[in-house]
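Each chain is listed here by its residues.
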Amino acid sequence: MLENKSNSRQTSKSFHENLIQRLGHYDGRALDALGQDFFYLVDQLSTGLHEKHEKDATLLDLSELEFPWELQVFANQFLRECAQTSRQLTLFCRGLRKKLEDKEFSQEFLEILDEAYQHHFYVAESKKHYLV
C-alpha cells in the first residue's frame, strides 16, 4: 500500500527535513526520538493525500509549496491523535506501518484518514462543493 514514492518526493522535502529547516538543526534532530516509522508514515500519508486532493490547494488558498507542508502537518497531527499517548506514538507507528501491509486494513485506514482530511480542511466555500 505505502510504496516508496521517491519520484514525488524529489520535488518536496520530507517532513523531517522540513522540521529541521523550520526548527533548526538541533531541535529538528531532537525529534529523531519519534522514530523512523513515524516520519515514514507522515511522508507516505501526506504524499497519498496530496495525490488524491491535489486540486484542493486552490480551494484552500494554499500555494503549491504550502499545500504539501500543510498535509505533512495534518498527517503528523492525525498520527499523534491515533496514538493514545505521546509515549505510545513510536510503538503505534511501528505497528501501523506493519498493519498497513494488509490490503483490507489499509483501505479502511485510508478511508478514515480521508474523512479526517475532509473535516480538518473544511472551509465555508466547500460547503456546496465538498473538497475533491
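Shown above is the structure to which this text applies.
Residues numbered from 1 in each chain as written. Predicted model: local features only at pLDDT ≥ 70, side-chain atom pairs only at ≥ 80, totals over all residues. Heavy atoms only, no water.

Before we move on, can you summarise the overall build of the chain with the specific residues and values?
Scanning the chain from N- to C-terminus turns up eight helices and zero strands. Ordered by position from the N terminus, the helices and strands of the chain form the series α-α-α-α-α-α-α-α. Out of the 132 residues belonging to the chain, those deemed buried represent 39%. For the chain, restricting intrachain contacts to residue pairs at least 6 apart in sequence, the fraction spanning at least 24 positions comes to 69%. (Helix = DSSP H or I, 4+ residues; strand = E, 2+ residues; numbered from the N terminus. Buried < 20%, exposed > 50% of the residue type's maximum accessible area, 1.4 Å probe, protein only. Contact = heavy atoms within 4.5 Å.)

Lay out the packing of helix α4 (residues 36–52) against helix α8 (residues 103–120) in plain terms, naming residues and giving numbers.
Where α4 meets α8, the closest approach of the two axes is 11 Å, and the angle between their N-to-C directions is 70 degrees. It follows that α4 is roughly perpendicular to α8 by the angle criterion. As α4 packs across α8, the resulting crossing turns out to be right-handed. Here α4 contributes Leu45, Leu49 and Lys52 to the contact with α8, which in turn contributes Phe109, Leu110, Leu113, Asp114 and Tyr117. Among the residues making up the contact of α4 with α8, the classes are represented as six nonpolar, no polar and two charged. (Axes fitted to C-alpha atoms, helices over the stretch in contact; angles between N-to-C directions. Parallel < 35°, antiparallel > 145°, perpendicular 65-115°, else oblique. Left-handed = near helix turned anticlockwise from the far one by under 90°. Nonpolar A, V, L, I, M, F, W, Y, C, P; charged D, E, K, R; others polar.)

So what's going on with α4? Which residues, and what values?
A rise of 1.5 Å per residue sets the reference length of α4, with its 17 residues, at 24 Å; its end C-alpha atoms lie 24 Å apart and thus fit the reference within 8%. Those residues of α4 lying buried are Asp37, Phe38, Phe39, Leu41, Val42, Asp43, Gln44, Leu45, Ser46, Thr47 and Leu49. (Expected span 1.5 Å × (residues − 1).)

Hey, could you go over the pattern of salt bridges for me, with residue numbers and the actual values?
Per the stated rule, a full pass over the model turns up three salt bridges. Residue Asp37 is joined to Arg94 by a salt bridge in which the shortest nitrogen-to-oxygen separation is 3.9 Å. Remark: Arg94 occurs in helix α7 (residues 89–99) and Asp37 occurs in helix α4; sequence separation between them is 57 residues. Judged by its relative accessible area of 38%, Arg94 is partly exposed. Of the charged contacts in the structure, one is a salt bridge between Lys52 and Asp114, with a shortest N-O distance of 3.3 Å. Residue Lys52 is found in helix α4, and its partner Asp114 is found in helix α8; the two are separated by 62 residues along the sequence. Accessibility expressed as a relative area gives 14% for Asp114, which makes it buried. (Salt bridge = Lys/Arg side-chain N within 4 Å of Asp/Glu carboxyl O.)

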